[in-house]
Amino acid sequence: QGPSSLSHRAWRRCVGIGRAGSMKKRARCALAVLVGVLVTSSSEVSPVARHAALESIGYQVHSANDLGTVVPLVRKGARAFKLDPHFVASTAHCRLARPEESWEEGAGCLLLSHDTPGTQPYNTTDELLGLLSSPALEEALRGGAVTVALCFKSGAPCEDSRRGEQWQALVDDLFREATARAPSFVSFILDGDAKPFGCNAQRWRPWPSVWISGDLSPEEAFWSSDPREGFDRYQVLNQKEDMDEWTWMQSVNYGKFSNLSQPLQLWEPDAQDTLLSYADLYSSGPPHLDGGFHFAINTDPRMFEVYTAGRTHHAWNTPFEGTASWSWPALLANPAGDLAAVAVSNGGGLHLMRGFQGPCAPHDFPCIRLAPAPVPLPEASQVLLRMPNRDAAVPPRVSLVRLQDSLSCPRAAMITGPTGAFVSYCNLTGKSADNAFPAPIPEDSGVLPLAPGLADRMVSLAVSSHGHGASDATLVAELLTTTALDCPLAVQVLGDHGAVAACVTVPGADGPLTSGSIAITGTTARSDGPGLEVGLLAAVSDGQSVFATSLDLAVQHEEKPDMQAPPRQVSAKARVVGAGTSPSLSVLHDTVALVWGGGYCYNSHAHNTRARPKVCSASPSRSNWTLEYTVGRTADLVAHLRGDQNASSSQLLTPCTTALGHGAWALGANPSAALFPLSRGSGERTSLDQGLAILREGFPTDTTAVDEGGCGEPTRDDRLVLDGFRAMF
């Protein structure tokens, strides 16, 4: 009856094979098509096979030509990379780009750049080999392996010319050096102009190659691994985003590649809906378990994990039902890893949302169970949002902070508003023993005390924490932004037996500070008398840039603490860490997370592939929707912020910040972060297993909202969305 419509393209390919000869090759191709059609049409994929296929989905980092990003990416979990050795024939051009290098006259060079290199500094292939054999990379891999695809650009393969000789010699030299210097945990793949085609069919063995239809890749090699033709070198099916093409390839069981150990690879989607559609296609057929299925991505790995979470379960990406057009969420986690959040509804009231980690399949990230519906908090709405003296220009963002539990008030928490008012509740966080969510009970309300001169100018947030080690007394840290020229940012710490307030300078702020967050990083007993040394992190925004600072304040023990002491100046200043607004901090054990909205997408297709500037040399600019995160050890963020205090008012956080993980994970607005202990399916937890949960306003369905930076568009959703991923870096 003839082939199915899905196989028409396959039959055309078989007819086209061997136009210069071999009927045997055409017959072998036709047989493979028939087998593929029979396999895919005669059986449905079982749930077990579908689960296995989804578990095998991974990624390759695309155009990682700024070598400063590689080790941080490996620490985030990346194990496959593609880089672009770009051929430059002019030695003079090579010297302009890297004048400190000793370039051989007339040899040309290979510079790492996707697009045609200019004369700015680029990384070189020699630097790549140095990085691959470095202790830093080996340590980041933690005993694992890494694959590097070399996509040679502007080459002259098999060209009988001086240019052809130059390029061939450079690739030969790179092959010899890589073979001699690269450690055993590094493997290479040929791509671009160095595929084993024509005169290079047997060159640079044993390195395998990608196969890309119509790009130095014989059609016969889709089916055949004949070593005499060099077809055995083509081991990675590497096709562009084309649903018809991938549907056809699945219909013939991916030709020979279903039997190989290398991943099937798709380049290079970034939109969430596109990623999910290809994940669904792949998982609807026989899984390629030996190699898996890789997306070649230009985004940060955390964005890929969040965008594919609905299929792979390696992260969270879950909307809260009943929260359309809600805003200004505030999130916290309790020691058990349960989550609670409050947000402002479209009707102007505060509501409570809750969730907890539940048992699920043995994924490497837990499942989240959300309460069925938000709970209104009329008392908090009245006290915090409807006070007559509230400044209408101040965003109605609140802080949600955990308090010390007691038998009479379990699961206690406090909500504070932009005026300094607070309402405390019992049963606000966590679940009961039977996994139910008890009704919250208001316990107390009032206004937090403020130092003189600050009470009528507070527009920011207050955060509470418990002292550890030196004292188990409650500490309250308040972050205050003021209009006073000599005190644009104030920090006040209140304890049971003392209080202190301090001013922080914010050089470079363009206008008033309108949003912020503060976290207590630790407490120690004072060595010079009774009291505490309190470590603090604070982040604020003027609507264009995000500033952060680290400071230590001494809280003296006093029988009658003076709550009216004026704020004092401290030797701390807030440094610019990025472009954006609405920062949110969270600290758990020795780990810190900082997130903000309106940020900059360092990693995108445009930014990864352009000739200049390098990814981490870009000057970040404010956007409407990009969400950025930083995660790592608290001590490393403190060291970063305290850097060279005389160098600059900026200490930008970028994907090259070695000690910290930084990037963009989604699009949305007004994120709130909460670090939490991970719970696996077995219920086991360790202090080193931490997740980062972030509640954000979704990327709206209103089509006037656009992905300005080409970062990667999420599924549009007007509800609040809970994202989560592994925090350890």
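Residues numbered from 1 in each chain as written. Predicted model: local features only at pLDDT ≥ 70, side-chain atom pairs only at ≥ 80, totals over all residues. Heavy atoms only, no water.

Trainee: Which residues make up the overall build of the protein chain, and what values do they have?
Mentor: A count of helical and extended segments in the protein chain gives 15 helices and 36 strands. Of the roughly 28,500 Å² of accessible surface on the protein chain, a fraction of 53% belongs to carbon and sulfur atoms. (Helix = DSSP H or I, 4+ residues; strand = E, 2+ residues; numbered from the N terminus. Areas by Shrake-Rupley, 256 points an atom, 1.4 Å probe, with all protein chains shown as cover.)

Trainee: Describe the packing of helix 3 (residues 47-55) against helix 10 (residues 272-283), with residues and values.
Mentor: One way to put it is that helix 3 packs onto helix 10 with a least axis distance of 9 Å and a crossing angle of 135°. For the element pair helix 3 / helix 10, the angle class is oblique. In terms of crossing hand, the pair formed by helix 3 and helix 10 is right-handed. Counted together, Arg 50, Ala 53 and Leu 54 of helix 3 and Ala 279, Asp 280, Tyr 282 and Ser 283 of helix 10 form the full contact between these two elements. Of the residues contributing to the contact of helix 3 with helix 10, the split by class is 4 nonpolar, 1 polar and 2 charged. (Axes fitted to C-alpha atoms, helices over the stretch in contact; angles between N-to-C directions. Parallel < 35°, antiparallel > 145°, perpendicular 65-115°, else oblique. Left-handed = near helix turned anticlockwise from the far one by under 90°. Contact = heavy atoms within 4.5 Å. Nonpolar A, V, L, I, M, F, W, Y, C, P; charged D, E, K, R; others polar.)

Trainee: Can you lay out the sheet that holds strand 25 (residues 515-525) for me, pointing to particular residues and giving the numbers?
Mentor: Two pairing modes exist for strands in a sheet, parallel and antiparallel, and in both the strands are linked by backbone hydrogen bonds. Within the open sheet, the 4 strands sit side by side as 25-26-27-29. Their pairing is antiparallel. Each edge of the sheet is formed by a strand with only one pairing partner; in this case those strands are strand 25 and strand 29 (575-579). Sheet twist, expressed as the mean angle between neighbouring strand axes with direction ignored, is 25°. As paired strands, strand 25 and strand 26 (residues 531-541) are joined by 10 bridges and run antiparallel to one another. Pairing of Ser 517 across the sheet is with Ala 539, part of strand 26. (Pairing = 2+ DSSP bridges.)

Trainee: Let's hear about the packing of aromatic side chains: which residues, and what values?
Mentor: The full count for this structure, using the stated rule, is 22 aromatic pairs. Ring centres of Trp 246 and Phe 293 lie 5.4 Å apart, and the angle between their planes is 65°; this geometry places the pair in the edge-to-face category. Linking Trp 246 in helix 9 (residues 243-251) with Phe 293 in strand 10 (residues 293-297), this pair joins segments that are 47 residues apart in sequence. Accessibility expressed as a relative area gives 1% for Trp 246, which makes it buried. The class for Phe 293 is buried, based on a relative accessible area of 1%. Relative to Phe 699, the ring of Trp 625 has its centre 5.7 Å away and its plane inclined at 90°; by these criteria the two rings are edge-to-face. Of the two residues, Trp 625 is situated in the loop between helix 14 (605-609) and strand 32 (626-633) and Phe 699 in the loop between strand 35 (690-697) and strand 36 (720-726); the sequence distance between them amounts to 74 residues. Every member of this aromatic cluster is reached through a ring pair, and the members are Tyr 59, Trp 246, Tyr 254, Tyr 282, Phe 293, Phe 295 and Phe 304. (Phe/Tyr/Trp six-rings, centres within 6.5 Å; stacked < 30°, edge-to-face > 60°. Buried < 20%, exposed > 50% of the residue type's maximum accessible area, 1.4 Å probe, protein only.)

Trainee: Which residues make up helix 6 (residues 125-132), and what values do they have?
Mentor: Among the residues of helix 6, Thr 125, Leu 128, Leu 129, Leu 131 and Leu 132 are the ones counted as buried. The arc that holds every buried residue of helix 6, seen down its axis, measures 160°, which confines them to one face. (Arc of directions from axis to C-beta.)

Trainee: Tell me about the environment of Ala 705, and name the residues and values.
Mentor: Take Ala 705: it is sitting in the loop between strand 35 and strand 36. Those residues in contact with Ala 705, other than ones at most four positions away along the chain, are Trp 625, Phe 699, Pro 700 and Arg 716.

Trainee: Account for the nonpolar core, with residues named and values stated.
Mentor: If you look at the biggest cluster of nonpolar residues, it comprises 93 residues, and the most contacted ones within it are Phe 81, Phe 188 and Trp 246. Here this core gets 6 residues from one element, more than from any other, and that element is helix 8 (residues 162-181). Sequence-distant contacts of Phe 188, that is, excluding residues within four places in its chain, are made with Leu 129, Leu 132, Val 148, Leu 150, Ala 178, Ala 182, Trp 207 and Pro 208. Counting 26 residues, the second largest nonpolar core, distinct from the first, contains Val 491, Ile 518, Leu 536 and Leu 553. (Core = buried A, V, L, I, M, F, W, Y, C linked by side-chain atoms within 4.5 Å.)

Trainee: How would you explain the pattern of salt bridges if you had to name every residue and give the values?
Mentor: Enumeration according to the criterion identifies 25 salt bridges in this entry. Linking Asp 172 and Arg 203 is a salt bridge whose minimum nitrogen-to-oxygen distance equals 2.7 Å. Of this pair, Asp 172 sits in helix 8 while Arg 203 sits in the loop between strand 6 (186-192) and strand 7 (209-211), and the two are 31 residues apart along the sequence. With relative accessibility at 15%, the residue Asp 172 sits in the buried group. When its relative accessible area of 31% is taken as the criterion, Arg 203 is described as partly exposed. (Salt bridge = Lys/Arg side-chain N within 4 Å of Asp/Glu carboxyl O.)

Trainee: Quick rundown of empty space enclosed by the protein? Include the residues and the values.
Mentor: Counted by the stated rule, this structure contains 7 cavities of 30 Å³ or more. Roughly 120 Å³ of internal volume is contained in the largest cavity. Lining the largest cavity are 15 residues, and of these Asn 65, Asp 66, Asn 608, Arg 610 and Lys 614 lie nearest its centre. (1 Å grid on protein atoms, 1.4 Å probe; cavity = no way out; pocket = protein on both sides within 12 Å on 5 of 7 lines; lining within 4 Å. Points joined across faces, edges and corners; volume = space filled by probe spheres on them.)

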